[in-house]
Amino acid sequence: MENFNVILFLCNWSPHAAYQQLQEGDYQIPAEIKMVRIPCTGRITKALLFKAFEMGADGVALVGCGSGTCRYGSGTQAAINNTEDTRNIIELLGLGKDRMRLATFLPHEPLPLKEFLADFCENIRAMGKSQITPSITREESLFNESVGAIVAKHDAFSCQDCGKCTSSCPLALCGKPYSPRDIVSGIIHGEVMSQKIENDIDACLTCGICHERCPSDVNFPEFIRDMRCSIGSNGGNGSGRQAHGGFFQSLMRAMVSPELKPNRWNNLPEQIQIDPDSKVMFFGGCAPYFDVFFKRHHHVKTIDILHDSLRLLNFFDVYPRLFGEERCCGHDLLWSGDRANFIRLAKLNVEAIRDAGIETVITSCPECYKTIRLDYEKHGIDLGFNVIHLYEFLETEIDKGAVEFNHLNKKITFQDSCRLNRMESVRDFPRKLIQRLSVEKFEEMKDSDRSALCCGNCAWTGCDAFSKALQVKRLRQAHATGSDLMVTSCPKCQIHLSCAMQDTMLGDELKMEMIDLTSIIASTIRLE
């Protein structure tokens with residue numbers, strides 16, 4: 001007989017009183033239930049709810065006080081919102097939303113609580129075991145590199161101490177006491193496990209401007225990436241400053257489970273055509289998960305980028321295959337220091353793509369492109385298929401002629417993606433495409449092209465007041481161009497800059513309409 005694990009987050013107030021009455025009445029709590037006593041259901045975030053699934057729970061119940069009886073006022077509504085979002089996310093993930101349930105009880109309702117527990121456990125048993133197998137921890141990683149090996153690998157000893165990295169670092173220019181050269185020096189001198197060095201390693205945006213300016217060609221972003229992996233493997237903090245409670249890292253580690261079958265491409269617009277036998281695959285990335293997670297705060301719809309990408313492929317008579325079981329590319333696992341699970345995820349992706357006979361993968365996500373195109377092979381995973389960014393495909397097709405663009409009465413500026421902007425093979429495509437558009441005016445921001453500023457976060461690590469200051473600075477630069485529309489090329493840029501626009505003090509000053517370059521092309525392109 002299978003053993004099931006059901007996590008019960010139980011509010012310390014009304015429902016706990018009812019729970020105690022059941023215990024005092026000799027009621028046998030179902031063996032599946034592992035009770036966690038909490039101060040309020042509203043304090044159990046989406047990250048904590050999902051963490052239970054990542055750690056092997058077959059079901060999660062959040063049990064709190066009824067509306068109007070919460071001791072903290074808004075706890076019940078927060079619990080409703082977090083439960084709904086988590087249910088939608090685990091539905092996308094293929095677990096089934098019914099593995100997560102919210103219920104409320106008053107102290108005098110032990111019998112309804114008893115019925116709820118019995119019913120929920122019965123439903124979980126009927127659904128069967130979760131397909132998520134707890135992932136390995138960093139401490140168990142077999143992919144550890146010594147600090148000395150990482151220093152040698154990236155030739156960090158060749159640092160000339162010129163300071164060009166620090167003088168160009170967006171965080172340093174926003175007032176953060178932060179210096180790439182000081183980090184390298186501290187690591188070389190054996191201070192790698194000091195709290196300051198760990199914090200600074202976590203804080204790096206890995207945007208790549210320092211590498212652009214370094215006369216010794218020290219690839220500081222990749223050096224930081226490998227140091228994060230090393231620190232985690234040696235029991236250090238391991239990128240402990242992960243944003244949003246580490247939710248997205250948990251999500252990606254869950255996807256490492258081979259038995260998991262995500263349900264990724266639901267509710268496609270009717271006019272989009274796909275071909276289940278095509279040798280061309282469109283790889284969408286994590287936009288659907290982003291939109292569910294952030295919908296109550298930033299109101300972004302990054303999934304529109306994917307739909308518009310598919311519309312453009314159809315426009316040029318390409319009808320790609322979509323994988324309903326598509327998993328994350330693993331970018332954020334790698335860059336937040338979890339190389340072992342990144343490699344496991346990468347192998348699952350490549351195996352599925354090759355087994356389907358795919359010859360070409362097209363993606364519109366900068367991080368997916370860099371990760372699949374370059375990082376997989378750097379980590380010893382042979383692809384066996386081509387990887388193309390959508391912008392490269394579009395520029396090639398549009399350059400053949402026979403298309404024009406409807407005029408858009410907007411003044412636009414452009415926010416570069418850090419990942420695309422550091423890759424010689426694709427960095428010029430966004431501006432080539434922008435120059436083809438018919439708009440009222442296109443004006444670059446003060447820091448643009450190779451000097452473009454990051455949106456303030458990478459791989460969901462190191463988000464702080466200085467990241468916010470960087471976002472504010474970037475939005476002010478956008479407004480200074482006189483533009484009324486910011487064109488982006490990465491879904492995370494939209495998320496992070498939208499976050500800054502929610503500032504209660506500066507929001508009106510910062511607000512600006514944003515649209516992805518893919519979407520603006522899709523909405524204005526037409527046959528000649």
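Note that this is a predicted model, so its numbers are computed, not measured.

A.B. asks: Would you mind going over the overall build of the protein with me for this structure?
C.D. replies: When its secondary structure is counted, the protein shows 24 helices and 13 strands. Computed over its C-alpha atoms, the radius of gyration of the protein comes to 25 Å, within 12% of the 24 Å expected for a compact globule of 528 residues. Sequence separation of at least 24 residues holds for 82% of the intrachain contacts in the protein that already meet a minimum separation of 6. If the 59 positive side-chain charges of the protein are averaged to one point and the 68 negative ones to another, these points end up 3 Å apart.

A.B. asks: What exactly am I supposed to notice about the sheet that holds strand β5 (residues 280-283) here?
C.D. replies: Backbone-to-backbone hydrogen bonds pair the strands of a sheet. The strands run either parallel or antiparallel. Spatially, the three strands line up as an open sheet ordered β5-β6-β7, and their pairing is parallel. Because the sheet does not close on itself, it has two edges, and the strands there are β5 and β7 (386-389). Averaged over all neighbouring strand pairs, the angle between strand axes comes to 25°, with direction disregarded. With four bridges joining them, strand β6 (residues 360-363) and β7 adopt parallel strand pairing. Note on β7: the bridge partner recorded for Val 361 is Val 387.

A.B. asks: Just to check I follow, could you spell out the state of the cysteines for this structure?
C.D. replies: By definition, a disulfide links two cysteine residues through a covalent bond between their sulfur atoms. Counted under the stated rule, the structure contains zero disulfides. The thiol of Cys 229 is unpaired, and the distance to the nearest cysteine sulfur, on Cys 458, comes to 13 Å. Its relative accessible area of 3% is what places Cys 229 among the buried residues. Cys 455 takes part in no disulfide bond, and the closest cysteine sulfur to it belongs to Cys 493, at a distance of 4.0 Å.

A.B. asks: Is there a simple way to explain the pattern of salt bridges in this structure?
C.D. replies: Close approach of charged atoms lets side chains of opposite charge pair. What the rule picks out here adds up to 42 salt bridges. The shortest N-O distance in the salt bridge between Lys 129 and Asp 58 comes to 3.0 Å. Taken together, the residues span a long stretch of sequence, with Lys 129 in the loop between α4 (110-127) and α5 (147-153) and Asp 58 in the loop between α2 (46-54) and β3 (59-64) at a distance of 71 residues. Given the relative accessible area of 1%, Asp 58 is considered buried. Taking the shortest distance from any N to any O, the salt bridge between Lys 410 and Glu 513 comes out at 3.1 Å. With Lys 410 in strand β9 (residues 408-415) and Glu 513 in strand β12 (residues 513-516), this residue pair connects regions lying 103 residues apart in the sequence. For Lys 410, a relative accessible area of 24% gives the class partly exposed. Relative accessible area serves as the criterion here: at 43%, Glu 513 is assigned to the partly exposed category. Here the residues in one salt-bridge network are Lys 153, Glu 222, Arg 225, Asp 226, Arg 339 and Lys 378, joined through shared partners.

A.B. asks: Please clarify how α2 should be interpreted in this entry.
C.D. replies: Every α-helix winds through 3.6 residues per turn, so residues three or four apart in the chain are directed the same way. Burial within α2 is extensive, with seven of its nine residues counted as buried. All of the buried residues in α2 are Lys 46, Ala 47, Leu 49, Phe 50, Ala 52, Phe 53 and Glu 54. The inward-facing, buried residues of α2 abut β1 (6-11), β3, α3 (75-92), β4 (100-104), α12 (247-254) and α13 (287-294). Taken from the residues just after α2, Gly 56 is the one with a positive phi, measuring 115°.

A.B. asks: What is the right way to look at the environment of Thr 206 in this model?
C.D. replies: Tracing the backbone shows Thr 206 in the loop between α9 (195-203) and α10 (209-213). Counting along the chain gives 178 residues from Thr 206 to Gln 28, while the straight-line C-alpha distance between them is 53 Å. Setting aside its immediate chain neighbours within four residues, Thr 206 contacts Pro 221, Ile 224, Arg 228, Trp 335, Arg 419 and Cys 458.

A.B. asks: Would you take a moment to explain the environment of Ala 17 for this structure?
C.D. replies: Tracing the sequence through the fold places Ala 17 in helix α1 (residues 14-24). Taking the relative accessible area as the measure of exposure, Ala 17 reaches 26% and is therefore partly exposed. C-alpha separation for the pair Ala 17 and Asp 399, spaced 382 residues apart in sequence, amounts to 70 Å.

A.B. asks: Can you help me understand the packing of aromatic side chains in this one?
C.D. replies: In this description, an aromatic ring pair is defined by two values, namely the gap between the centres and the angle between the planes. The tally for this structure, following the rule as stated, stands at 17 aromatic pairs. Measuring from centroid to centroid gives 5.1 Å for Phe 247 and Phe 248, while their planes differ by 85°, and the two rings are edge-to-face. Residue classification places Phe 247 among the buried residues on the basis of a relative accessible area of 1%. Judged by centre distance (4.5 Å) and plane angle (20°), the ring pair of Phe 248 and Trp 460 falls under stacked. Of this pair, Phe 248 sits in helix α12 while Trp 460 sits in the loop between β10 (439-442) and α21 (465-480), and the two are 212 residues apart along the sequence. Judged by its relative accessible area of 0%, Trp 460 is buried.

A.B. asks: Mind showing me how you'd approach helix α24 (residues 517-524) here?
C.D. replies: Across the eight residues that make up α24, a large majority, six, are buried. For α24, the complete set of buried residues consists of Leu 517, Thr 518, Ser 519, Ile 520, Ile 521 and Thr 524. Backbone nitrogen of Thr 518 and a side-chain oxygen of the N-cap are separated by 2.9 Å at the start of α24; the cap is Asp 516.

Criteria and cut-off values
- Residues numbered from 1 in each chain as written.
- Predicted model: local features only at pLDDT ≥ 70, side-chain atom pairs only at ≥ 80, totals over all residues.
- Heavy atoms only, no water.
- Helix = DSSP H or I, 4+ residues; strand = E, 2+ residues; numbered from the N terminus.
- Rg over C-alpha atoms; globule rule 2.2 N^0.38 Å.
- Contact = heavy atoms within 4.5 Å.
- Lys, Arg positive; Asp, Glu negative; His and termini not counted.
- Charge placed at Lys NZ, Arg CZ, Asp CG, Glu CD.
- Pairing = 2+ DSSP bridges.
- Axes fitted to C-alpha atoms, helices over the stretch in contact; angles between N-to-C directions.
- Disulfide = S-S within 2.5 Å.
- Buried < 20%, exposed > 50% of the residue type's maximum accessible area, 1.4 Å probe, protein only.
- Salt bridge = Lys/Arg side-chain N within 4 Å of Asp/Glu carboxyl O.
- Phe/Tyr/Trp six-rings, centres within 6.5 Å; stacked < 30°, edge-to-face > 60°.
- Polar contact = N/O pair within 3.5 Å; in protein donor to acceptor, adjacent residues only side chain to side chain.

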